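The lines below spell out each chain.
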Amino acid sequence: MFKLLFVLLLSLPGTAVAHSFAQPYQLPIPYWMYIYSAIAALGLSFIIVGWFASTQHSQGHSATLPFGQAAWVNALRKFRLVQILQILSVCSLLLCIVSGLIGSADAYRNFNMTFFWLVFALGFSYATAALGNGYAVLNPWLLLTGFCTALVSGFGQGRLQYPSRLAYWPAVVFYMAFIWLELLGNTRPFSLSVMLLTYTVLNFVGVWLIGTRDWFRYCEFFAVFMRLLAKMAPIDYRPDVSGEKRLRLRWPFMGLLDEPAEHFSLLVFMLFMLSSTAFDGLRETVVWFNIFWRDPTGLFTLLLGEHPIYTYGWSRPWYLAYETLWLIASPFLYLGAYWLFIWLGKCLTRSPLSTYHLGMRFGFSLLPIVLVYHITHYYTLLLSQGLKIRALISDPFGWGWDLFGTAYTLRMPVIPDMGLVWQSQVWLILLGHVVSVWLAHIIALQTFPNRRQATLSQLPMLLLMMLFTAAGLWILAQPLQGR
Amino acid sequence: MLSKAPIFLIFAALLLIGLWLGIKPPQTALESSANRQLQFQYQLQAGHLTGPTIMSVQQGDQLEILLLSDNSGNLHLHGYELIKMANADIPVQLTFTAEKAGRFELELHGPDKILGTLEVYPSP
C-alpha cells in the first residue's frame, strides 16, 4: 500500500514543488518578539490559573440575546438579502468554474484563483468566525443540490443509510485533499476549475447516495469547517425549542462551550486545521528545507543512495511524497500530544472519566489557537491580493474587459507596515492562547467535581497550549527559504 | 469575583509591559547609513541558475538587480510590481529603492522560474 501510494504520487503530472499563488509578503518575526510572546503566554496562563483558583465563577457565559425579530433584521428580510446572497453564491461558484476553463491562464489575472483561495477560503472563513455560520444558508453546493431536489422528486432523500462509524472521516479526507492541492498541487486557473467541477459532481453524487442532511453534516468539508469557526462567533444562528430558526447574540467564543466534540474524527479535523497551517509555515523555512536536502541525519542519503542535494534533478517527486506524508501525519502528531496531556490531566486528578471522554470535552478549547494562528499566517494575503477582486470582477477572464469600471483599480498590492504585521501576529497569538486557556478552565469547572481538581487538570492542558503556541511562534520566527 | 478582576488585569498589564521593556532590544545606531547602493546579479543559462537565493537589504537601500538569461521572458519583482521584458542573452536591469519592507519573490515569467527572494528589513 505504501509503495502504491508513492508510485501514484510520482505519476501525478505537474506536481513538482513549485511557486504557488499569492505568497505572503511578511518577514519572519524578530527573535526577541518570539521570546516575548512565549514568556508572555506562559505568564498570562499562570495569571488565569490564579484567577480561577481564587474566585468563584458563575455559569453565566451561556447567556444569549435573541435579536432575530429586531426591526433592522426584519427590514433586511424584506429586502430578501439572504436570497440575493444565495444567488451571488451560486453565481460566484459558476463564474469560478467558467473563468478557469476559458479565461486567462495567469493566476493573477483570472477571477477564480483570487476569489476561491483568498476571498472565500480566507475572507469568508474569518467573516464566519466573526459573524456566524452564513455558510449554512449560502453554501453553493447545498443550493445547487437543493435546486435539483426541487426539480427531481426524492433526489435529496438518499439511497443509503449513512454509516455512523464513518462520522466526519470523509470530511477529514476531503479537507486533506484540499490542503494538499493548496500547498503542493501548484493549482492554476484551469486546474482549479477542474477541481471545483469535480467537487460539485461529488456533492451531487453524495447527496444522491446518502441524502442532503447527512452529506452536508458529515461529508462536505467546507460545511464542517465553517460550522467549527462559527462556534467562535458572537452571532449564533440555530433553531430554538419551537424548531424555528433564531438569531442570537452571545459572548465571542462561548459557543465552544455548548457541547463537546461529537466524534473523534471531528477532533482530528480540528487538529488538522491547526497542523496544516503549521505545516505550511514550517515547509517554507530553511530548517525544513535542510532536514531533507542537507540531510544532517544521513537518513535520506541511505534511502536515496546518495546525498539528496546531488539527486535534486530526479528526487524532487520523492520530496513531494515526503512532504505529503508529513502533511497527512501532522494532525495525528498533534493528536498524540493532545491525548498525552489529556491523559496526564486524568492521572493528576485521578478522574473516573475516561481519557476519550475528557479528550472530547476539551477539544473545542483549542479552536481559538487554531483561528489566530490561521489568521496570523494568512491575513496579509487578503490585503496584498484579496483586495484585487475589485478589479477582477470587472475583468474576470483576464481579457482586458472593464465591466464595472474597476478593472484598473487597486493594481498595487497593499503591503502593511512590517512592524504592524509583527505586532498583530504577536498580539493575536497571545489573544488566542489566553482565550483557549480561559475556555479550558471553564470546561474543567464543568467537568470536575471541585475547583482543586479542575485547576490540577489544567496544568497539563496549560503545558499543551504553551507547546502549540510556542511551536506556532517558533515557525513564524524562522528564516525562510529563498527559492 | 468582580472586585478581584481589576487586580488580575493590572497584574497582567504589568507583566506584559515589564516583559516588553525588558526583552525589546535597545535601538542601535546603523553601522552604515541607510540608502546603501547594492547590486545583485543573476544568470540563467541552460536551466542553470546562479545568483543569491536571498537578497537581504534595509528599507531605503538603492538596489540594482541584473539578469542575463538565455530565455526571454518578463522579469517580475512581486510586491513592488516591477516588470521588465528580458530578451534572450541581453542583460536586463531593475533599479529601484527598497521602500516597502517585506519578502518579495523575483521571478522570470516565461520559463516561470523563481530567481531569488528579496527581503527588505524595516529601518531600525
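Data block above holds the structure.
Residues numbered from 1 in each chain as written. Chains lettered and ligands numbered in written order. Predicted model: local features only at pLDDT ≥ 70, side-chain atom pairs only at ≥ 80, totals over all residues. Heavy atoms only, no water.

Asks: Quick question: what am I supposed to make of the pairing of strand β3 (residues 54-58) of chain B here?
Replies: It is a general feature of regular strands that their side chains alternate between the two faces of the sheet. Residues and elements named next belong to chain B. Going residue by residue along β3, you find Met55 and Val57 tucked away on one face and Ile54, Ser56 and Gln58 left uncovered on the opposite face. For β3 and strand β9 (residues 113-121), the ladder comprises five bridges, and the chain directions are parallel. Within the sheet, the bridge partner assigned to Gln58 lies in β9 and is Tyr121. (Buried < 20%, exposed > 50% of the residue type's maximum accessible area, 1.4 Å probe, protein only. Helix = DSSP H or I, 4+ residues; strand = E, 2+ residues; numbered from the N terminus. Pairing = 2+ DSSP bridges.)

Asks: What am I meant to see in a nonpolar patch on the surface here?
Replies: All names here are of chain A. A contiguous nonpolar patch, built from Val98, Leu101, Ile102, Phe190, Val194, Leu197, Ile393, Trp399, Trp401, Leu403 and Phe404 and spanning about 1000 Å² of accessible area, is present on the exposed surface. For the nonpolar patch, the elements supplying multiple residues, two or more each, are α4 (81-102) and α9 (189-210). Mapping Ile102 onto the fold places it in helix α4. Exposure remark for Ile102: the relative accessible area of 45% places this residue in the partly exposed category. (Patch = residues over 30% accessible without salt bridge, like charges linked within 9 Å, V, L, I, M, F, W, Y side chains within 5 Å. Areas by Shrake-Rupley, 256 points an atom, 1.4 Å probe, with all protein chains shown as cover. Salt bridge = Lys/Arg side-chain N within 4 Å of Asp/Glu carboxyl O.)

Asks: I tried to follow the interface of chain A and chain B on my own but got confused; where do I start?
Replies: Bring the parts together and some accessible area is lost; that lost area is often taken as the interface size. The interface of chain A with chain B comprises 34 residues on the first partner and 38 residues on the second. Together, the buried faces of chain A and chain B total about 3100 Å²; carbon and sulfur atoms form 72% of this surface. For the pair chain A and chain B, the interface holds zero salt bridges. Put simply, chain A and chain B have five residue pairs in polar contact (both at pLDDT 80 or more) between them. Elements represented by at least two residues in the side of chain A that touches chain B include exactly α2 (31-54) and α19 (418-447) of chain A. Top element by residues in the side of chain A that touches chain B is α2 of chain A. It accounts for 12 residues. Considering only residue class, the side of chain A that touches chain B consists of 21 nonpolar, 12 polar and one charged. (Contact = heavy atoms within 4.5 Å. Buried area = accessible area lost by both parts, 1.4 Å probe. Polar contact = N/O pair within 3.5 Å; in protein donor to acceptor, adjacent residues only side chain to side chain. Nonpolar A, V, L, I, M, F, W, Y, C, P; charged D, E, K, R; others polar.)

Asks: I'm lost on helix α20 (residues 451-477) of chain A in this one. Help?
Replies: Owing to its 3.6 residues per turn, the α-helix brings residues three or four apart onto one side. The end-to-end C-alpha separation of α20 of chain A is 37 Å, in line with the 39 Å expected for 27 residues at 1.5 Å each. Roughly 30° is the biggest bend found in α20 of chain A, and it falls at Leu459 of chain A, with proline Pro460 of chain A one to four residues downstream. (Expected span 1.5 Å × (residues − 1). Bend = angle between axes of the 7 residues up to and from the residue.)

Asks: How should I be thinking about the sheet that holds strand β1 (residues 37-45) of chain B in this particular structure?
Replies: By way of backbone hydrogen bonds, the strands of a sheet pair with one another, either parallel or antiparallel. Residues and elements named next belong to chain B. As summarised here, the arrangement of the four strands in space is β2-β1-β4-β7, forming an open sheet in which the pairing is mixed. Every interior strand has two partners, whereas the edge strands, β2 (48-50) and β7 (92-97), have only one. Strand-to-strand twist in this sheet, taken as the mean axis angle between neighbours without regard to direction, amounts to 15°. In terms of strand pairing, β1 meets strand β4 (residues 62-69) through eight bridges, oriented parallel. By the bridge assignment for β4, Phe40 is matched with Ile65. (Axes fitted to C-alpha atoms, helices over the stretch in contact; angles between N-to-C directions.)

Asks: Where do I start with the sheet that holds strand β8 (residues 102-109) of chain B in this structure?
Replies: Residues and elements named next belong to chain B. The strand order across the open sheet built from five strands is β3-β9-β8-β5-β6, with neighbouring strands paired in mixed fashion. Each edge of the open sheet carries a strand with a single partner, namely β3 and β6 (82-86). Across the sheet, the mean angle separating the axes of adjacent strands is 15° when strand polarity is ignored.

Asks: Just checking my understanding: could you explain empty space enclosed by the protein for this structure?
Replies: If a probe the size of a water molecule is rolled over the atoms, the empty space left behind becomes visible. Residues and elements named next belong to chain A. Within the structure shown, the criterion is met by six cavities of 30 Å³ or more. What the largest cavity holds in volume is close to 180 Å³. Taken together, 19 residues form the lining of the largest cavity, with Ala121, Phe178, Ile179, Glu182 and His374 sitting closest to its centre. Only α5 (111-131), α8 (169-184), α11 (221-230), α12 (264-282) and α17 (367-384) provide two or more residues apiece to the lining of the largest cavity. Grouping the amino acids of the lining of the largest cavity by side-chain chemistry returns 13 nonpolar, four polar and two charged. The calculated volume of the second largest cavity comes to roughly 80 Å³. (1 Å grid on protein atoms, 1.4 Å probe; cavity = no way out; pocket = protein on both sides within 12 Å on 5 of 7 lines; lining within 4 Å. Points joined across faces, edges and corners; volume = space filled by probe spheres on them.)

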